[in-house]
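In case you want the letters, here they are:
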Amino acid sequence: MSAHWSWDRAFEALPVLLEGFKITLIATVLGFLISVVLGLVIALIRQAAPRWVSVPVRAVSEFIRLTPLVVQLLFVYYTFTGLSPLQIGVAVLGIHYSTYMAEVYRAGIEAVPVGQWEAARALSIAPTRTWRAIILPQAIRRVVPALGNYAVSMFKDTPFLFAITVVEMVTAAQQFGARHFQYLEPLTLAGVIFLLASYPTSLLIRRLERRLAR
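What counts and what doesn't
- Residues numbered from 1 in each chain as written.
- Predicted model: local features only at pLDDT ≥ 70, side-chain atom pairs only at ≥ 80, totals over all residues.
- Heavy atoms only, no water.
- Core = buried A, V, L, I, M, F, W, Y, C linked by side-chain atoms within 4.5 Å.
- Buried < 20%, exposed > 50% of the residue type's maximum accessible area, 1.4 Å probe, protein only.
- Helix = DSSP H or I, 4+ residues; strand = E, 2+ residues; numbered from the N terminus.
- Contact = heavy atoms within 4.5 Å.
- UniProt positions renumbered as here; feature names shortened; annotations may be inferred.
- Axes fitted to C-alpha atoms, helices over the stretch in contact; angles between N-to-C directions.
- Parallel < 35°, antiparallel > 145°, perpendicular 65-115°, else oblique.
- Left-handed = near helix turned anticlockwise from the far one by under 90°.
- Nonpolar A, V, L, I, M, F, W, Y, C, P; charged D, E, K, R; others polar.
- Polar contact = N/O pair within 3.5 Å; in protein donor to acceptor, adjacent residues only side chain to side chain.

Describing the nonpolar core
Of all hydrophobic cores here, the largest spans 16 residues; its most connected members are Tyr105, Ile109 and Leu147. Secondary-structure elements contributing two or more residues to this core are helix H1 (7-48), helix H4 (85-111) and helix H6 (127-157). Ranked by the residues each element gives to this core, the list is headed by H6, at six residues. Dropping the residues within four chain positions of it, Tyr105 is found in contact with Val36, Gly39, Leu40, Ala43, Ile140, Val143 and Leu147. By size, the runner-up hydrophobic cluster in this structure holds 13 residues, among which are Ala27, Leu69, Leu93 and Leu161.

Description of the UniProt feature "transmembrane region" (unreviewed entry) in the protein chain
Under the present numbering, the feature "transmembrane region" (unreviewed entry) in UniProt falls on residues 20-45, 66-95 and 187-205. Across residues 66-95, helical content stands at 73% and strand content at 0%; the span's end C-alpha atoms are separated by 13 Å. Split by type, residues 187-205 is 100% helix and 0% strand. Its first and last C-alpha atoms lie 27 Å apart.

Focus: the environment of Phe176
With respect to the element layout, Phe176 can be found in helix H7 (residues 169-180). Residues within four places of Phe176 in sequence aside, it is in contact with Arg9, Glu12, Ala13, Val16 and Pro186.

Description of the packing of H1 against helix H2 (residues 51-65)
The geometry of H1 relative to H2 is characterised by a closest axis approach of 8 Å and an angle of 135° between their N-to-C directions. Relative to H2, the element H1 lies oblique. The hand of the H1/H2 crossing is left-handed. Taken together, the residues of H2 that come into contact with H1 (itself represented by Ile42, Ile45 and Arg46) are Val53, Ser54, Val57, Arg58, Ser61 and Glu62. Classifying every residue of the contact of H1 with H2 gives four nonpolar, two polar and three charged.

Details of the packing of H2 against H4
Taken N-terminus to C-terminus, the directions of H2 and H4 make an angle of 115°; their axes are 9 Å apart at the nearest point. You can see that H2 and H4 cross each other, and the crossing is left-handed. Along the contact surface, H2 presents Ser61, Glu62, Ile64 and Arg65, while H4 presents Ile95, His96, Thr99, Tyr100 and Glu103. Here the contact of H2 with H4 is built from residues that sort into three nonpolar, three polar and three charged.

Things to note about the environment of Ala146
The topology assignment puts Ala146 in helix H6. The exposure class of Ala146 is partly exposed, given its relative accessible area of 28%. Between the C-alpha atoms of Ala146 and Met101, which are 45 residues apart in sequence, the distance is 8.4 Å.

Notes on the environment of Tyr100
By the secondary structure assignment, Tyr100 is in helix H4. For Tyr100, a relative accessible area of 22% puts it in the partly exposed group. Through-space distance from the C-alpha of Tyr100 to that of Leu208 is 20 Å; in sequence the pair is 108 residues apart. Not counting the four nearest positions on each side in its chain, Tyr100 is found in contact with Arg65 and Tyr150.

What to know about the side chain of Arg46
Here Arg46 lies in helix H1. By relative accessible area, Arg46 is classed as buried at 14%. Reaching out from Arg46, the side chain makes a polar contact with the side chain of Glu103 at a distance of 2.7 Å. Ignoring sequence-local partners within four residues, the contact set of Arg46 consists of Ser54, Val57, Arg58, Ser61, Glu62, Glu103 and Arg106.

Structure (structure tokens):
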């Protein structure tokens, strides 16, 4: 096993890594969509539902948020054997991150000035319309950059899917290295691809944050 860089081996590994990157991207996009929708539902339940509903939802949410992602992946993988590993990975990523998204949404909702609520009540606007037309548009605008940051975090957590046999990019790199007894090129390229995907996204989120802060 050589520790010297080989461009031939790197070019041989690249198609394999890009195939794994597609799985990484699918898991991230679908998991993110689940998390932003479910996170909003959890936040609304905790803010507006009766205590007999909000308290159990909060307990379950805290349990999911405070237990390791990899443990959740393995538990669901061995419990729901009828689902494919990728389906499980997407669902668990989405549900796990929805608990973080819920906290972000709650912070955005609580940041809406109290006067907005009082004005809506003074105008006899129905609670559902108050939420839909006044509170949520302001809250979501405030939290978009934070949601974007969690999307990047989810993207970087996709290598945990190796625990349930999903061949995402890092697992593809490891498998290539095992076949060729050379890990330098595939793992380096995997890191570079992560960087090339994450860094522009981080810059975009930072720019969006500055724009929304005006």
